[in-house]
Amino acid sequence: MQPVGPYRFTHMLGTCPAGKAWAAIDGQGRLVTIAVLNAAVADAPGWREAFVGTANGLAQAPGGQTFAYADFSAAEPWVAYPAEAGPGAERLFRALGQDYQPVPTEGGPAAPVSGIPQQVSGIPQQVSGIPQQVSGVPHQVSGVPQQVSGIPQQVSGVPQQVSGVPQLTSGPPPAPWALHAGPPVAPNPNPTTAQPDADEPQPPAVGPMDGPPPHDPFAAPVRRIQPSAPPKRRTGLWVKVAALALAVAVGSGVAVWALAPDEPTDPGIPPTVGATAFPTAAAVDPPLKPWAQAAPYSPEERALAVAAPALVFVETVFTGYVRDASTNTPIRATPITFTRRCSAFVVTPDGHALTSSACVKPTQETARQIALDTVARMLVREQTLVPAQVQEYIRTNMGKTKFTGIDPGTEPGTEIHGQLNTAKGNLTTEPAIPAQVVRALPPDTGNIALIKLGRGSLPVAELNPSATLTDGSSLLILGFATTDDDFRTATYGPKSKLVGITGTGRRGSASISRINQDLGTTSHGGIALDPSGRVAGMIDQDQARPDRANRVIVPSSSLNALIGEAGTANKLGDSDKLYRKALDAYFAGQHSAAITQFDAVAQASPGNLLAKAYRQNAVERQQNESEPSDQSVWLMVLLAGAGGALFVGLIVLVVMLVRRRRDV
């Protein structure tokens, strides 16, 4: 079996009428299971769409199985699942309603496998007699041939010649969404020969004659009419015709063979690409894989690929003192420190980014409430307060305290850091990037903030200020999230989700939209995308909800206004424009151009891991498309030879007809 995509098959795991499940290994030695849909089934109406829809449905379902790679446009569509996730290929075929049969282990009993032609060994027995020819043209029935199980039984007697092709059974293996062309037509499993009827009168047998033959009065010792000489046989002409047809057929086949691209001598070794196409480098594993988050080559995948490099994880550390409001006396001798974590996205090439004000510059009331909560937790650990009294402690002291800096009347100290791609909590050194607040709006007028990261040449997201957010429409949201329980050492990565808009509201003079789902507590400051990958709005907290879940979208028009008030503007850098051009080439199948452009983007913007990952994908796609299969090459050779022979035969037929007319 030829390698599929970046994988090399090792052995078959199981089969079903629609396809096969294989065990395979990728270039890094990781094991996968691959579900391959048979080419004939994929060509049947409805099957390819059902295969794609089922794979994507299983990947997007809660707790479902996400595939590592797929090629739904191939002649034999396939999907690869990580081996550690379990029998992914088997689950896909069973979800398609297939009767999946595992391949028996070595030494075990052979399990019956439907859908695979059985090979019958042995040489056909020779039977004397004259074969009878049965005329008739077979009826062709649309659909995929069904295998008739069992070994054909030998029938004694005279073998009969049947003209035409055996009839095909219609329809792919049964599935709820399969579209059948008509009722199945079962082939005759035991074709019988055309034998003479035993009851039919037979001509009388002629036995040997007794005695001399009767006298014939018309007999004469010599012939009265001399027969004409038989026509001269044209043996030489037919020999020349056969030789010419053979020469044309062989010549056509050799020509096609010579023009066909060379194939690797070892099918287990994938072909290599020249150094000009892709420099040797370690495999790239970005934290967000758009081709796994959405259907490959879909608008959702492209939108994520465009915007995801600009996403930033933000961590702000606040340090100050909780003081008695009347005496300015600290209620704790040591400073109080607490942390806020959220998402952001870069909007200018020199490092400006948008995020939530509640994350980087909360109001005095919010900061005091968080500081008092921190003090209460300390008292619980010191056993001077029980957990049930925490909320009462905060409520009682909110009006009697204030949160300040080292000196009364000063602002608490803040330290902001941003991280791209995968982020780690409590990180203040490389790769964390220091940042500072440029401008911030309070919650009642927008709750948006513009910060400046201390590094340039970062990937930029493009705003769409004219985007309209209407009830019932869908948005693709993107922000940072984690599954770790320990807040101190948690790791965060980008996550996306398709959500729906459920209503609108007001926040001061600005309008907001509410959505039906969120990505988690650190997603505020993240991106809401339109289908082109531009920013339609920013994710924020819903202050009207008791849990303050991140289910509000602030429109891009408000974001663009804040950027303008700060004296800057949202614009793409040269590497951002080249990155989008490279994505256009990749999604159009122009892999050579995409490889070159992704290469340049990766050098100009090292933080854009997706540029490196898509360059790697483009190389793999280019390799796969350059591999012709053995079957296709041989088919081309046979068709070319047959076509040449047919052409010569037609010429000879015309010449013979012309000569006959002249002889007449």
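Refer to the preceding data block for the structure.
In this convention, every chain numbers its residues from 1, walking through the sequence in written order. Only residues with pLDDT of at least 70 are given local features in this predicted model, and only at 80 or more are side-chain atom pairs given and counted; all residues enter the totals for whole chains, interfaces and linings. To get the side-chain values, take all heavy atoms of the structure and skip hydrogens and water.

### A word on the overall build of the protein
Then, in step 1: To qualify as a helix, a DSSP run of H or I must reach at least 4 residues; to qualify as a strand, a run of E must reach at least 2; elements of each kind are numbered from the N terminus. Scanning the protein for helices and strands turns up 14 helices and 22 strands.
Then, in step 2: When a residue's accessible area, from a 1.4 Å probe over protein chains only, is under 20% of the maximum for its type it is buried; when over 50% it is exposed; and in between it is partly exposed. When each of the 664 residues of the protein is scored for burial, the buried share is 40%.
Then, in step 3: Throughout, a residue-residue contact means that at least one pair of heavy atoms, one from each residue, lies within 4.5 Å. Once local pairs closer than 6 in sequence are excluded, the contacts in the protein between residues at least 24 apart make up 67%.
Then, in step 4: Only the protein chains shown count as cover for residues, and all accessible areas are computed by the Shrake-Rupley method using a 1.4 Å probe. About 37200 Å² of surface is accessible on the protein, with carbon and sulfur atoms providing 57% of the total.

### A word on the packing of helix H8 (residues 364-381) against helix H9 (residues 390-397)
Then, in step 1: Axis definition: a line fitted to C-alpha atoms, over the contacting stretch in the case of helices. Angles run 0 to 180 degrees between N-to-C directions. One way to put it is that H8 packs onto H9 with a least axis distance of 9 Å and a crossing angle of 135 degrees. Between H8 and H9, the angle falls in the class oblique. Considering how the two elements wind past one another, H8 and H9 form a crossing that is right-handed. Contacts between H8 and H9 involve Gln369, Leu372, Asp373, Val375, Ala376, Arg377, Leu379 and Val380 from the first element and Val390, Gln391, Tyr393, Ile394 and Asn397 from the second.
Then, in step 2: Looking at the contact of H8 with H9, its residues break down into eight nonpolar, three polar and two charged. The scheme is simple: roughly parallel for angles under 35 degrees, roughly antiparallel for over 145, roughly perpendicular for 65 to 115, oblique for anything else. Each crossing gets its handedness from the near helix: less than a right angle anticlockwise from the far helix is left-handed, clockwise is right-handed. All amino acids are sorted into three groups, where Ala, Val, Leu, Ile, Met, Phe, Trp, Tyr, Cys and Pro are nonpolar, Asp, Glu, Lys and Arg are charged, and the leftover types, Gly among them, are polar.

### Description of the state of the cysteines
Each disulfide consists of one covalent bond between the sulfur atoms belonging to two cysteines.
Then, in step 1: The disulfide definition used here is simple: a pair of cysteine sulfur atoms within 2.5 Å. Summed over the entire model, instances satisfying the criterion amount to one disulfide.
Then, in step 2: Linked covalently through their sulfurs, Cys342 and Cys359 form a disulfide whose S-S length is 2.1 Å. Residues Cys342 and Cys359 share a disulfide whose torsion about the S-S bond is about -85 degrees; that sign makes it left-handed. Highlighted residues: Cys342 in strand E10 (residues 336-346) and Cys359 in helix H7 (residues 357-360), separated in sequence by 17 residues. Neither residue differs from the other here; Cys342 and Cys359 are each classed as buried.

### Focus: the environment of His417
Then, in step 1: Inspection of the secondary structure assignment puts His417 in strand E13 (residues 413-420).
Then, in step 2: Residue classification places His417 among the buried residues on the basis of a relative accessible area of 9%.
Then, in step 3: Separated by 105 residues in sequence, His417 and Val312 place their C-alpha atoms 9.7 Å apart.
Then, in step 4: Once residues lying within four places of it in the same chain are set aside, the contact partners of His417 are Phe313, Val314, Glu315, Leu427, Thr428, Ala432, Ile433 and Pro434.

### So, the pattern of salt bridges
Then, in step 1: Here, a salt bridge means any Lys or Arg side-chain nitrogen found within 4 Å of an Asp or Glu carboxyl oxygen. One pass over the structure, following the stated rule, counts 17 salt bridges.
Then, in step 2: We note a salt bridge from Asp373 to Arg377, for which the minimum N-O separation is 3.4 Å. Placement of the pair is Asp373 and Arg377 together in helix H8, with a separation of four residues, close to one helical turn.
Then, in step 3: Classification of Arg377 as partly exposed rests on a relative accessible area of 38%.
Then, in step 4: Residues Asp547 and Arg545 are paired through a salt bridge, measuring 3.0 Å at the closest nitrogen-oxygen approach.

### Re H8
Then, in step 1: If you check H8, its first and last C-alpha atoms are 26 Å apart, about what 18 residues at 1.5 Å a residue would give, namely 26 Å.
Then, in step 2: Of the residues making up H8, those classed as buried are Ala367, Arg368, Ile370, Ala371, Leu372, Thr374, Val375, Ala376, Met378 and Leu379.
Then, in step 3: Against the buried residues of H8 lie strand E9 (311-324), E10, H9 and strand E12 (401-404).
Then, in step 4: Immediately downstream of H8, the backbone of Gln383 shows phi near 65 degrees, a positive value. Helix span is expected to be 1.5 Å times the residue number reduced by one.

### Some points on helix H11 (residues 574-587)
Then, in step 1: The end-to-end C-alpha distance of H11, which contains 14 residues, comes to 20 Å, matching closely the 20 Å that a straight helix rising 1.5 Å per residue would cover.
Then, in step 2: Looking only at H11, the buried set comprises Ser575, Asp576, Tyr579, Arg580, Ala582, Leu583, Ala585, Tyr586 and Phe587.
Then, in step 3: Those residues of H11 that are buried are in contact with helix H6 (299-307), helix H12 (591-604) and helix H13 (609-625).
Then, in step 4: Just beyond H11, the residue with positive phi is Gly589, at close to 80 degrees.

### What to know about the side chain of Asp26
Then, in step 1: Summarising the element assignment, Asp26 is placed in the loop between strand E2 (19-25) and strand E3 (31-37).
Then, in step 2: You can call Asp26 buried: its relative accessible area is 13%.
Then, in step 3: Polar contact is defined as a pair of N or O atoms within 3.5 Å, subject to the rule that within protein one atom must be able to donate a hydrogen and the other to accept it, and that residues adjacent in sequence are counted only when both atoms are side-chain atoms. Among the polar contacts listed, one links the side chain of Asp26 to the backbone nitrogen of Gln28, at a separation of 3.0 Å.
Then, in step 4: Separated by 3.0 Å, the side chain of Asp26 and the backbone nitrogen of Gly29 make a polar contact.
Then, in step 5: The contacts of Asp26, once residues within four sequence positions are left out, are Pro6 and Tyr7.

### Quick look at the environment of Leu478
Then, in step 1: Following the sequence through the fold, Leu478 ends up in strand E17 (residues 474-481).
Then, in step 2: By relative accessible area, which is 0% here, Leu478 ends up buried.
Then, in step 3: When the C-alpha positions of Leu478 and Leu311 are compared, they lie 8.1 Å apart, and in sequence the two are 167 residues distant.
Then, in step 4: Sequence-distant contacts of Leu478, that is, excluding residues within four places in its chain, are made with Leu288, Leu304, Ala307, Ala308, Leu311, Pro494, Lys495, Ser496, Leu519, Gly526, Ile527 and Ile539.

### Things to note about the nonpolar core
Then, in step 1: With 62 residues, the main nonpolar core has Ile34, Phe345, Leu559, Tyr579, Phe598 and Tyr614 as its most contacted residues.
Then, in step 2: If sequence neighbours within four positions are ignored, Ile34 has contacts with Tyr7, Phe9, Lys20, Ala21, Trp22, Ala24, Trp78, Val79, Ala80 and Ala89. What makes a nonpolar core is a set of buried Ala, Val, Leu, Ile, Met, Phe, Trp, Tyr and Cys residues whose side-chain atoms join them at distances within 4.5 Å.

### Comments concerning the pairing of strand E15 (residues 433-440)
Then, in step 1: Note: E13 against E15, three bridges, orientation antiparallel. Directly across from Gly418, in E15, lies its bridge partner Ile433.
Then, in step 2: Strand pairing requires that DSSP identify at least two bridges connecting the strands. Bridge analysis of E15 against strand E16 (residues 448-453) gives five bridges, and the strand direction is antiparallel. Across the sheet, residue Ala440 finds its bridge partner in E16, namely Ala449.

### Quick notes on the sheet that holds strand E6 (residues 101-102)
Then, in step 1: Spatial strand order, E4-E5-E3-E2-E1-E6: six strands in an open sheet with antiparallel pairing. In this open sheet, the two strands that pair with only one neighbour each are strand E4 (69-71) and E6.
Then, in step 2: In this sheet, E6 lies alongside strand E1 (residues 8-16) in antiparallel orientation, the contact comprising two bridges. Bridge pairing in E6 links Gly14 to Pro102.

### Structural notes on the packing of aromatic side chains
Describing an aromatic ring pair means giving the distance of the ring centres and the angle of the ring planes.
Then, in step 1: Paired rings are identified among Phe, Tyr and Trp, the last through its six-membered ring, by centres lying within 6.5 Å, and are further divided according to the angle between planes into stacked (under 30 degrees), edge-to-face (over 60) and tilted (the rest). All told, the structure shown has 19 aromatic pairs when counted by the stated rule.
Then, in step 2: Ring plane angle 20 degrees and centroid distance 5.0 Å describe the contact between Phe318 and Phe338, whose orientation is recorded as stacked. Within this pair, whereas Phe318 is found in strand E9, its partner Phe338 is found in strand E10, the two being separated by 20 residues in sequence.
Then, in step 3: By relative accessible area, Phe318 is classed as buried at 4%.
Then, in step 4: Residue classification places Phe338 among the buried positions, given a relative accessible area of 5%.
Then, in step 5: One aromatic cluster in this structure is built from Trp291, Tyr297, Tyr579, Tyr586, Phe587, Phe598 and Tyr614.
Then, in step 6: The rule for a charge over a ring is simple: NZ of Lys or CZ of Arg within 6 Å of the ring centre, and within 35 degrees of the ring normal. The ring of Phe487 has Arg341 lying over it, and the distance from NZ or CZ to the ring centre is 3.9 Å.

### Points about the packing of H12 against H13
Then, in step 1: Packing of H12 against H13 brings their axes to within 9 Å, and their N-to-C directions diverge by 160 degrees. Comparing their axes, H13 and H12 come out roughly antiparallel. Considering only the axes of H12 and H13, their crossing is left-handed. Counting all contacts with H12, which are made through His591, Ser592, Ala594, Ile595, Phe598, Asp599, Val601 and Ala602, the residues of H13 involved are Ala611, Lys612, Tyr614, Arg615, Ala618, Val619, Arg621, Gln622 and Glu625.
Then, in step 2: Taken together, the residues of the contact of H12 with H13 break down into nine nonpolar, three polar and five charged.

Don't take any of this as a statement about function, it's just geometry.
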